Each structure stands twice: as structure tokens, then as C-alpha cells.
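Examination of the molecular architecture
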Amino acid sequence: MAGNENKLLDAFKENQTVEKIDQNRKLRVGIIGCGWIAEAHVVEYKRMPDVEIVAGADLVPGKAEAFFKRMGLEGVRCYPDHKSMLDAEELDAVSVCTYNVTHAVCAIYALEKGVNVLLEKPMSVTLDEAVEIRRAEKKSGKILSIGFQPRFDPNMKMIKKIVQSGELGKVYYIQTGGGRRRGIPTPFGTSFIAKDTGGIGAMGDIGCYSLDMVMNALGYPKPITISGYKSAYFGTDPNFFLAEGKPAYLAEKFEVEDFAAGFVRLEGDIILDFRIAWAMNLDTPGDTIIMGTKGSLRIPSTECWNGSVGGPMKIYHEVCGEAVETIIPIIPDHSKGLFYQKIRSFLNAVKDGGTSPVPSDEIIINQAIIDGIVKSSELGHEITVEIPEV
Ligand SMILES: NC(=O)c1ccc[n+]([C@@H]2O[C@H](COP(=O)([O-])OP(=O)(O)OC[C@H]3O[C@@H](n4cnc5c(N)ncnc54)[C@H](O)[C@@H]3O)[C@@H](O)[C@H]2O)c1
């Protein structure tokens, strides 16, 4: 009896959906790039009963072998680059976990080989590369998903629900971005700060997340014009790294932006005001705000790249003619984790032939904004954005 009672009570617990994974069809997965983030991918793949990690590749001799040993995986065939792995193996899917500048070449080659791709963010360095990736994806008919795990956070979903519900009326102005007072990422060397590996700096590392948070909520309207700015006052200063307890020589290797801002005119008469910093003499350049004709949403200054909002959100609106604020409490995440969902949703799309969970036709717009900021900053004036049809 007690057992039955418990079962009845359990029926009211949150998150009752039981995940059904078809274990009869195993997916053969390869990892391209065996650095920092590859570890998070492998940890999650190991939780999937329908995945076998069969191959891995890294440009650094011995790195892939050491990586899989450290991850407790035996028998994974290791290759010196993405091409040799994809030429030799019959794979269902790959995770592209390389630094930004090789995202395009790895993703395109995998798609050309008929392999489904989970591509780490940012999609690429330039818009041209993102267009080429889209072309390869379309031609292949395979699944390509871009690695924006914060999208699976219930608070991020709530932001989208609020905007899409019409609760804010017509949205006309958005401020987003953020960053760190001190936080140039050099824990594993210079791959984020050198031009020939990172390609872009703070924008590709964390800015793309802030853009995705608001642009996804809006339904990814296209950018029309962009006035952009970027600078590198902190990263190029040897004293900055010394004060951080890091070697001064990193300043010589610093070839990307540590701060960027963009004033973007989006279709639908919407202004996007964006700024992002790896380092600044400020705690935050402000909250994310989405202003609408019926209400505005304040999302407390957030490290959204870590997966969630920075505190309860607030809607400023009118109730019975009175100006009031409605607080949206933080929604706890009861899932198996955002990274788990990012990988599981990709695998489900691969198996079911479904649509990509984080599709490239949206993220190409994210990339177009970053690309536009770079171009406008280098030209010193506003530019018009054109995203080629694919
Ligand atoms: N989603 C997230 O939370 C998250 C977090 C950190 C980093 N990232 C992204 O993941 C990517 C990798 O970041 P990281 O910190 O792991 O970098 P990393 O420098 O630690 O590792 C990248 C590895 O890729 C290898 N590589 C490059 N090109 C290759 C190729 N053609 N074939 C095989 N190996 C190749 C390099 O040798 C290197 O070992 C970046 O684009 C970054 O933006 C995402």
C-alpha cells in the first residue's frame, strides 16, 4: 500500500517525463579537437547509452591519445587532424571542439563526408565561413547544431516566452552584453587570444552568448546596418597579465579584441545595443534590457555564457492603469544539465531525422552581427549587412 501511495505522490513531482533512448541503434561518434571543451563533450557522450566514441583527432602530436586515456576511454582510434579521421572512419556524428579558426574547415569536411555535426560556438570567425558551412550543410542534408547550451536553461526559455507572448508589446530597443572586470581566458595557452587560432576575441568567446539570448527571444531578425567598435587596451598590456599572475609575454600574443560594442539596426525597427568585455575598469556595463511598447524586461547583469540569468527578472508594465513591476523568480533547472541537453537534442535529431536544435540559419545571423562589428570597426564607419542566400 505504502508503495502505491508513493507512486501516487510521485506523479505530482516535476520532470516526470521519462527519456526513451533507442539503444538498439548505436551512434559512432568522433571528437575533433581534444582540448578544454572536448572534455565536457566526452563526459556527456559517456552518459549516453546509445553512443560509442570510436575516434578522435588533434593537431598536437599525442594530445588525442593522452586525452582519451585521461577520460578513461580505451580503444579510441586517434588521428593527427580532422581530415585523416574523417577519411578513415565511418562516423554518424562528430563534435567539432577546435579553436574558432578551424570550425569552418572541420565542419564543412565532416558534412561533405555525410557526417552530422555538433559545432562548438561561435559558429565561425567570419560571416563568409558561416555561409560556406550553411552551404555544406544544405548540400549534405545532415544535422548541424551549434553549441549554445544556455538555450536549454528554463530561464532563457522564459525570456523567449515573454517576448513571443506579446507581453512586452512591440519590442523596439534592446541592450545586451556584459563581460568581466578581469577575465581574459588563457588557462590552456593562447588559443583564445591569438589571431591564427581564436580569430576573434571576447565576441566569439562570450559575446555570441549574449547575442543569442536576446536574438533567439526575438526570433532572430536580420541586421540591416551596424556601427561597430573594438579595442584591446588590456590584453596588449604586459602589466595586465603580470597583475593577473600570468606571464607578461601573453601581451605579445594578444591579437584579438578584449572589448567590442555595436549599435545594430535590426529589421522590424528594432535597435540592438551591444557591448562585451573580457576586461574593463567596471563591474558590468549594465543589465540586459528588452524595451517594448506594453512592457520592458530587465534581466539582471548576467554571465549568460555560464548558462543562466543573474537574478530574478522584472517586467515593468501597467496593471489596471498603474505602473507596476512583476518579478519573475529564477526557475530551477531540474534537467540532467544544459550540456547533456545540448548533446542529447543533437543526437535525437540525428536519430529521428528531426530538425536541428540550434539551427545554423539562426546562428548565421549571430555571426553576421559579430562580422559586421569587426568590419565596421576596421573601416571606422557604419556598414550595411548583407547575408547571402543559401
Ligand atoms: N560551449 C561552451 O561552454 C564552451 C566553453 C569553452 C570553449 N568553447 C568553444 O570550444 C572551442 C574550443 O575551445 P577549447 O577551450 O577547447 O580550445 P583548446 O585550444 O583547448 O582546444 C582546441 C583543440 O583543437 C585542436 N585542433 C584545432 N584544429 C584542429 C583540426 N583541424 N583537427 C584536429 N584538432 C584540431 C587544437 O590542437 C586544440 O588542441 C572554441 O571555439 C570555444 O569557443 C565552448
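Residues numbered from 1 in each chain as written. Predicted model: local features only at pLDDT ≥ 70, side-chain atom pairs only at ≥ 80, totals over all residues.

Moving on, we come to the packing of helix 6 (residues 127-140) against helix 12 (residues 360-379). Two elements in contact, helix 6 and helix 12, have axes separated by 9 Å at closest approach and are oriented at 165 degrees. By the angle between their axes, helix 6 is roughly antiparallel relative to helix 12. Where helix 6 crosses over helix 12, the two elements pack in a sense that is left-handed. Note on element contacts: helix 12 touches helix 6 through S360, I364, Q367, A368 and D371, opposite L127, A130, V131, I133, R134 and E137. Partitioned by chemical class, the residues of the contact of helix 6 with helix 12 number six nonpolar, two polar and three charged. (Axes fitted to C-alpha atoms, helices over the stretch in contact; angles between N-to-C directions. Helix = DSSP H or I, 4+ residues; strand = E, 2+ residues; numbered from the N terminus. Parallel < 35°, antiparallel > 145°, perpendicular 65-115°, else oblique. Left-handed = near helix turned anticlockwise from the far one by under 90°. Contact = placed C-beta atoms within 7 Å. Nonpolar A, V, L, I, M, F, W, Y, C, P; charged D, E, K, R; others polar.)

Around the ligand sit 27 residues in total, of which G33, G35, W36, T98 and S191 are the nearest. Top element by residues in the shell around the ligand is helix 2 (residues 36-45). It accounts for three residues. Split into classes, the residues belonging to the shell around the ligand amount to 12 nonpolar, nine polar and six charged. The residues that make up the shell around the ligand include at least three from each of domain 1 (27-149 + 338-359) and domain 2 (150-332 + 367-384). (Near = placed C-beta within 6 Å. Domains from an automatic or database assignment.)

Now for the domain arrangement of the protein. Structurally, the protein comprises domain 1 (27-149 + 338-359) and domain 2 (150-332 + 367-384). The centre of domain 1, based on its C-alpha atoms, is set 26 Å off from the matching centre of domain 2. Facing the 19 residues of domain 1 at the interface are 20 residues of domain 2. Listing elements by their share of the side of domain 1 that touches domain 2, those giving two or more residues are helix 6 and helix 11 (338-352). A total of three residues in the side of domain 1 that touches domain 2 trace back to one element, the largest contributor, which is helix 11. Split into classes, the residues belonging to the side of domain 1 that touches domain 2 amount to 11 nonpolar, six polar and two charged.

A few words on the pairing of strand 4 (residues 93-96). Burial of strand 4 is two-sided: the residues A93 and S95 facing one way and the residues V94 and V96 facing the other way are all buried. As paired strands, strand 1 (residues 27-32) and strand 4 are joined by four bridges and run parallel to one another. Across the sheet, the residue bridging to V29 is A93, located in strand 4. Pairing of strand 4 with strand 5 (residues 116-119) involves four bridges; the strand directions are parallel. Among the inter-strand pairings, S95 is bridged to a residue of strand 5, identified as L118. One crossover worth recording links strand 4 to the parallel strand 5 by way of helix 5 (residues 103-112), and it is right-handed. (Buried ≥ 20, exposed ≤ 12 C-beta atoms within 10 Å, placed from the backbone. Pairing = 2+ DSSP bridges. Right-handed = clockwise from strand over helix to strand, strands pointing away.)

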